[in-house]
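Breakdown of the fold
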Amino acid sequence: DDDDDDDDESSDDDDEEHLPAGQHLLVDIKDVDGYFLNDAAQLANAMVNLITQSRLTLLSYHCHELIPNGVSCVGVLLESHISFHTWPNDGVITLDLFTCGSNPLMPSLPVIETLFGVPRRPSFIGDVVAKPSMIWSHKLRGFRPELSMLEKDLSSMIYGIMDLELLSQLHSKGSTSGDVVNPRFSSMASYHRSLQGGDSYEATHPEYFKPDRIVFLDGIVQSTRLGDAPYHEALVQPAMFTHPNPKRAAIIGGGEGATLREILKHDTIEQVVMVEIDEIMVDVSRKFLPSWNNCSDIIGSADWCGDDPRAILFYEDALAWFIDRYNPQNEESKKGDYLHRFDVVVMDALDPEDDVPFAEILYDNDTFMRALFNGLSDDGILVIQVGETSYNDDPPDAWTNKFSKRARFIDRVNEVGFESIHIYEEPRGGFDGGVWMFLIAFKSFETRARWYASPFQIELEIHKRIRRTKSGDRALRYFDGSTMKAYQHPPKAAETLYCRQDPLPKSCILHNKITKSKSFDLESFEVRMDESKSSASRGVFALVDIPAHSTVRSKEVIELVQFSPAAVNVIGKMYDDYYEVAEDLAPVYAYMFGYGYSNNFFGEASAFVDSSFLTFMNHGCNGTSNYGKEEQGDITEWSADPDKFLPHLSFNRRQRGDSIFDPVLDRNFYELVIDGDITTKDIKAGDEILDNYLRMIGTEADWNHDVVMLRKMCSGQGAAEIENYESNMDIYDETPEGESSGDAVEEEEDDDEEEEDGEEDEDEEEEA
């Protein structure tokens, strides 16, 4: 039998491809017995045993005793070489093993530790002797036609780092995980003290000194214990809180169970469908990554998140699962029990830069993307992790091998019908490369209003929605209102790379034009009454000649008062429906809509009031405006159709026909929209600066009313909007002392109301 085995091994060696490549194992051990380290014969014997047990072939070796102590040994192998050097007084040995064969070297690590990690002898009875400890690294050398699993994250994060202390290692089919202590952030000594008990800080707070557990699949890092909460909360919670009432969610991938855990924290959730192709990954995670998928602390859940009654798991190909059920061109998709659409879909699968065939299909499959879109409710949200973030010095994603799939994926999302796309970053995910990027897409443009919710609104939703824990600890460890605020605007690098495209996007052209335009500040203008008009009014007038394409006081225009969609809705509802508070709200309402203007950049109507003198700029009737944006054209109140809103005035990029992915506009809204106006004509000293109010009608709901109002104003048949608001306030201003405005208005509206005191009420009515 042994002869047969030898024949098989010889045959394998003959068939093995001889590549210009090898493996290098570096091992350092400390606290080793000094007598052993100074004995050349014992060391040579250990080396021979190591070579034999590693199934390598030793051709010759030489050991040399040094003066005053220490030993150096070198062994020539058929596969390459082994060498080591010892420092007996320090109890240290350093060893390296290099082979050109294909047999893995890391299984030799336990053999090295056993043969060379000989414990020190106690100096006296009761002497506490430190156990030998070993650090090591494994590197692939040379050149290979294909990237090995050991050349990916597994090498750069674990095997290739010499100073990490690996406490334990688990291998399963296709996956690897290990517990490590990184001396840059912690120490083995602190970890051991946390286990010993006593009054030390480490023993009192052992949870702070646990080793990091890192999970790899096919050599690519999937998750880490330290990065679990920040990464999975960043992936799930922004989408969940952007939706007003998520009841049904789907997960693509997510084998560790942490994505499922985060969704199940929401009390609104009635069902979560998780579609994961790798059942082994789920089983391994349940056994070796319990904190990832433990829902025992969530009130009303289960010990294992997969056992929560709201969770349904499918061990299937997620692409086929969605295409079979939600492909609009597939008749069979109209059948089945899972036809209800999802409020939120989370893709927690492969990174787009992964060099595997499935990643190509996942990120560049039009049929799959349409099935995802069709599987979402009308206000549904798709969120996906899209890999390592780009940097300012990088080329655009489309021009790289690494991130080209991400660029194509964004194109697919844009083409399929989503109305808003955003990207955001999270730096604490624990991945090699550091900062991770996420993409979120909204099926409805109005969803933007919740994406841009204030930190206070998010905190309120967290309090209302997130299930309480049995321990009393916060269910969300990293996500809160301030964190959401940081996610709302894309990173600077996204803007930089977006403007490296060819051809250059429109928002980049506008941004460049504004930054290069000549600017005129306060000293170049004055605000005064214009007595030349039939109805004297305030206006802004130039004191100097101003050429076309100039910005006006650009550094101060962005100092404005903003009313968010939530504030506009609350103020408008109270003003219209609750007359008892109308008196108090009237000045605010007049200020907001009389001096300000609205647009729907944030999904729903927001109001903005310029805090500079530009708030007194009048409308240029009959096409006389000389200030605004050139690209919005020469439309006037008379050429505009009151019944036909102009799409190019909308901030709904889908409605406007623009790309819905525009990090330049998302990052520079106030500069491009508020401060992005220029003089459209040459202006002489003494001329009035006139805007075109039509371009400020940013919502279709206001279009008809505002166009008709401007026509009346320009034809002398009606007053300006601010005059109407201020005149309405006169009702409150003229109310007699001691009488509420509500009483005065009621008496004015109803002359037949009974009087309690005839003479007194008659006087009050006359005054009112």
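Basis of the calculations
Residues numbered from 1 in each chain as written. Predicted model: local features only at pLDDT ≥ 70, side-chain atom pairs only at ≥ 80, totals over all residues. Heavy atoms only, no water. Helix = DSSP H or I, 4+ residues; strand = E, 2+ residues; numbered from the N terminus. Salt bridge = Lys/Arg side-chain N within 4 Å of Asp/Glu carboxyl O. Expected span 1.5 Å × (residues − 1). Bend = angle between axes of the 7 residues up to and from the residue. Buried < 20%, exposed > 50% of the residue type's maximum accessible area, 1.4 Å probe, protein only. Contact = heavy atoms within 4.5 Å. Pairing = 2+ DSSP bridges. Axes fitted to C-alpha atoms, helices over the stretch in contact; angles between N-to-C directions. Core = buried A, V, L, I, M, F, W, Y, C linked by side-chain atoms within 4.5 Å. pLDDT = per-residue confidence, 0-100.

With an omega of 5 degrees, the peptide bond between Ile-67 and Pro-68 qualifies as cis. In this model, Asp-502 is joined to Pro-503 through a cis peptide bond whose omega is 5 degrees. As for its position among the elements, Pro-503 is in the loop between α18 (492-498) and α19 (506-516). With a phi close to 60 degrees, Asp-31 is a non-glycine residue in the positive phi region. By the element assignment, Asp-31 lies in the loop between β1 (21-30) and α2 (34-37). At Asn-622, a residue that is not glycine, the phi angle is positive and equals roughly 60 degrees.

What follows covers the pattern of salt bridges. Using the criterion set out here, one finds 24 salt bridges in the structure. Among the ionic pairs, Arg-528 bridges to Glu-526, the shortest N-O distance being 2.9 Å.

Turning our eyes to something else, we now look at helix α22 (residues 582-594). Across its 13 residues, α22 extends only 16 Å between first and last C-alpha, which sits more than 12% below the 18 Å expected from 1.5 Å per residue. Where α22 bends most, at Val-588, the angle is about 30 degrees. Restricting attention to buried positions, one finds in α22 the residues Ala-582, Leu-585, Ala-586, Tyr-589, Ala-590, Met-592 and Gly-594.

Attention now moves to the environment of Val-344. By the element assignment, Val-344 lies in strand β14 (residues 342-348). Residues Val-344 and Arg-248 lie 96 residues apart in sequence; the distance between their C-alpha atoms is 6.9 Å. When residues no more than four places from it in sequence are discounted, the contact partners of Val-344 are Ala-239, Met-240, His-243, Pro-246, Arg-248, Ala-249, Ala-250, Leu-376 and Ile-381.

Another point: the sheet that holds strand β11 (residues 248-253). Ordered in space as β13-β12-β11-β14-β15-β17-β16, the 7 strands form an open sheet in which the pairing is mixed. Edge positions in the sheet fall to β13 (311-314) and β16 (420-431), since each of these pairs with one other strand and no more. Ignoring strand direction, the axes of neighbouring strands in this sheet form an average angle of 20 degrees. Where strand β15 (residues 376-388) and strand β17 (residues 434-442) come together, 6 bridges link them in antiparallel fashion. Looking across to β17, one finds that Ile-384 is bridged to Leu-439. Set on the sheet, helix α13 (residues 366-374) makes contact with β11, β14 and β15; between it and β15 the angle comes to about 135 degrees.

Quick look at the nonpolar core now. Counting 132 residues, the largest nonpolar core has Phe-116, Phe-322 and Phe-418 as its most contacted members. Apart from residues lying up to four places away in sequence, Phe-116 is in contact with Ile-29, Val-32, Phe-36, Leu-43, Ala-46, Met-47, Leu-50, Phe-84, Ile-93 and Leu-95. Phe-520, Phe-525, Val-552 and Ile-689 belong to the second-largest nonpolar core, a separate cluster that totals 12 residues.

So, on to the sheet that holds strand β24 (residues 606-610). One open sheet accounts for 3 strands, arranged β22-β24-β23; its pairing is antiparallel. Taken across any chain shown, the strands that pair with only one partner, and hence form the sheet edges, are β22 (560-563) and β23 (597-599). Across the sheet, the axes of successive neighbouring strands diverge by a mean angle of 25 degrees, strand direction being ignored. Judged from the 4 bridges that link them, β22 and β24 form a sheet pairing that is antiparallel. Counterpart to Val-561 in the pairing with β24 is Val-609. The sheet strands contacting helix α21 (residues 565-577) are β22 and β24, and the helix crosses β22 at an angle near 70 degrees.

Next up on the list: the confidence of the model for the protein chain. With 82% of its residues at a pLDDT of 70 or more, the protein chain has an overall mean of 83. Confidence, expressed as mean pLDDT per element, reaches its minimum in the protein chain at helix α28 (residues 741-749) with 42 and its maximum at helix α9 (residues 258-264) with 98. Every residue in residues 4-16 scores below 50 in pLDDT, and together they form 5 contacts with partners more than four places removed in sequence or on other chains.

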